[in-house]
Amino acid sequence: ETFHQLAQQAYQPCKVFFDQQAEIRHDNLGKRIQMVTQLENYLSAQNSGDEAVDSIDGSAVEKLLSTAIKEWRSYAPIERATNKPVQQRFDRVLDAIRAKLNEHYQKNADIKRQFIDQVLTLVDQQDNRKAVEEVKRLQAQWKLAGAALRKDEQVLWKTFLTASASCAVFCTARVTRIFSSGTP
């Protein structure tokens, strides 16, 4: 019995530490639950309305995602068993936000592909001035269209520039041909 009393006495500082750790794990779980709820509310707000994909600020959403992941990791230690369903909710909401963001980027890439197609049709335009003005207008529209995925954005921009240059070359060749032949 004396041994048991001494063991309990020796364990007392450890019990305080273990209780504090359990409290920290409990608080971290509460913070994670709160974060998942906030992200679900954000996603729900983004999903409301048909124009939801159009109204996304891609860089802000990317920053939100990276901040959420960093903050999520900071809420540790955590009890694994009680965190598992919360982790699954977190993963699902992040996947849904990423899907929405990718949909936004894809829509922007499709718009930019349409601009490229429009520039390519300008090669056949007989009025060089109108063709050049239309290329300028499409360049301005390009800036307003929003970003695509980085890897796609670079390829699309280079294709757009190449198409614009081709249009300029054809317009210049047509003007040169007209002046050299002497007939309009």
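Since we're looking at a predicted model, the values are computed, not measured.

> How should I be thinking about the packing of helix 2 (residues 58-74) against helix 3 (residues 80-121) in this particular structure?
To characterise two packed helices, one gives the angle between the axes of the helices and the distance between these axes. Closest axis-to-axis distance for the helix 2/helix 3 pair is 10 Å, and the angle between their directions is 165 degrees. With respect to helix 3, the element helix 2 is oriented roughly antiparallel. Both helix 2 and helix 3 take part in a crossing whose hand is left-handed. Mapping the contact onto sequence places Gly-58, Ser-59, Val-61, Glu-62, Leu-65, Ala-68, Ile-69 and Trp-72 in helix 2 and Asn-83, Val-86, Gln-87, Phe-90, Leu-94, Ile-97, Arg-98, Leu-101, His-104 and Tyr-105 in helix 3. A breakdown of the residues in the contact of helix 2 with helix 3 according to their chemical character gives 11 nonpolar, 5 polar and 2 charged.

> Explain empty space enclosed by the protein to me, please; I cannot follow it from the model alone.
Which parts of space are left empty comes out when a probe the size of a water molecule is rolled across the atoms. Under the defined criterion, the tally for this structure stands at 1 cavity of 30 Å³ or more. Of the pockets and cavities examined, the largest cavity occupies roughly 50 Å³. Every residue along the wall of the largest cavity is listed here: Tyr-42, Leu-43, Gln-46, Ile-56, Val-61, Ile-97, Lys-100 and Leu-101. Of all elements in the fold, only helix 1 (2-47) and helix 3 reach the threshold of two or more residues within the lining of the largest cavity.

What counts as what
- Residues numbered from 1 in each chain as written.
- Predicted model: local features only at pLDDT ≥ 70, side-chain atom pairs only at ≥ 80, totals over all residues.
- Heavy atoms only, no water.
- Axes fitted to C-alpha atoms, helices over the stretch in contact; angles between N-to-C directions.
- Helix = DSSP H or I, 4+ residues; strand = E, 2+ residues; numbered from the N terminus.
- Parallel < 35°, antiparallel > 145°, perpendicular 65-115°, else oblique.
- Left-handed = near helix turned anticlockwise from the far one by under 90°.
- Contact = heavy atoms within 4.5 Å.
- Nonpolar A, V, L, I, M, F, W, Y, C, P; charged D, E, K, R; others polar.
- 1 Å grid on protein atoms, 1.4 Å probe; cavity = no way out; pocket = protein on both sides within 12 Å on 5 of 7 lines; lining within 4 Å.
- Points joined across faces, edges and corners; volume = space filled by probe spheres on them.

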